[in-house]
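Each chain, written out:
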Amino acid sequence: SHSRFLDIGDLSCALQGAVAWQVSGDRSAIHHAARILRTVWPWVASKLSYLGPDDLALALKGYCWQLQYSQQEFAVQGALRDHPFVESVADARDGGHSMRSAARTRSELDFKTKLVQPVLSRLSEMPLRQMAVCLTSLAPGVSEQGLLDDDDRAAVKAALDATFP
């Protein structure tokens, strides 16, 4: 329920649970991870400044992985059922309802402005282990269409240049 207040410990547990579901690789587990991430997103976005390096890295890892699973699912099945921000439905080409491209794009822009950019701005505060988790989470996938565009990659480079002058 969205009416319950979540503290930092609750968020941390939810993110750990979602990542544990993702790691299992089971189709049903990935679906549950998406549901957890969609449910806690409002709290993650609003409490980001209070999260420590471990939780920042965990949040970025969980949401990046889930976006990659969702993109993979769309490429293979034409559906985005496990999107981490938007409740997804079948694609129109399959005769079902369509998740509008604009809504998906808006949610992914929201992800970049509310999670990716703030995490990058805090890279210099992180121990190397958490920094590595963040950077590998953002690393482009095998396909051409990764999570980051050219401007986003330039922002990552700028954050690294600032951290390691």
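Above this text sits the structure in question.
What this report covers is the structure whose coordinates are included nearby. Since the model is a prediction, treat every value here as computed from it, not as a measurement.

As a further point, take the overall build of the protein chain. A tally of regular secondary structure across the protein chain gives six helices and zero strands. Within the protein chain, the proportion of its 165 residues that are buried is 41%. A fraction of 61% describes how many contacts in the protein chain between residues 6 or more apart in sequence connect residues 24 or more apart.

A separate point is the nonpolar core. With 38 residues, the main nonpolar core has Val-44, Leu-60, Tyr-63, Phe-111, Leu-115 and Leu-138 as its most contacted residues. For this core, the secondary structure elements donating two or more residues are helix 1 (8–24), helix 2 (27–47), helix 3 (53–77), helix 4 (101–121), helix 5 (128–138) and helix 6 (150–163). Element by element, the count of residues in this core is highest for helix 3, at eight residues.

Attention now goes to the pattern of salt bridges. Scanning the entire structure with this criterion turns up six salt bridges. One salt bridge connects Arg-153 with Asp-150, and the closest N-O pair in it is separated by 2.6 Å. Remark: Asp-150 and Arg-153 occur in helix 6; sequence separation between them is three residues, near one turn of the helix. When the shortest N-O distance is used, the salt bridge between Lys-157 and Asp-161 registers 2.8 Å. You can see Lys-157 and its partner Asp-161 sitting in helix 6, four residues apart, about one turn around the helix. Exposure remark for Asp-161: the relative accessible area of 40% places this residue in the partly exposed category.

Thresholds, definitions, all that
- Residues numbered from 1 in each chain as written.
- Predicted model: local features only at pLDDT ≥ 70, side-chain atom pairs only at ≥ 80, totals over all residues.
- Heavy atoms only, no water.
- Helix = DSSP H or I, 4+ residues; strand = E, 2+ residues; numbered from the N terminus.
- Buried < 20%, exposed > 50% of the residue type's maximum accessible area, 1.4 Å probe, protein only.
- Contact = heavy atoms within 4.5 Å.
- Core = buried A, V, L, I, M, F, W, Y, C linked by side-chain atoms within 4.5 Å.
- Salt bridge = Lys/Arg side-chain N within 4 Å of Asp/Glu carboxyl O.

Just geometry here; none of it tells us what the structure is for.
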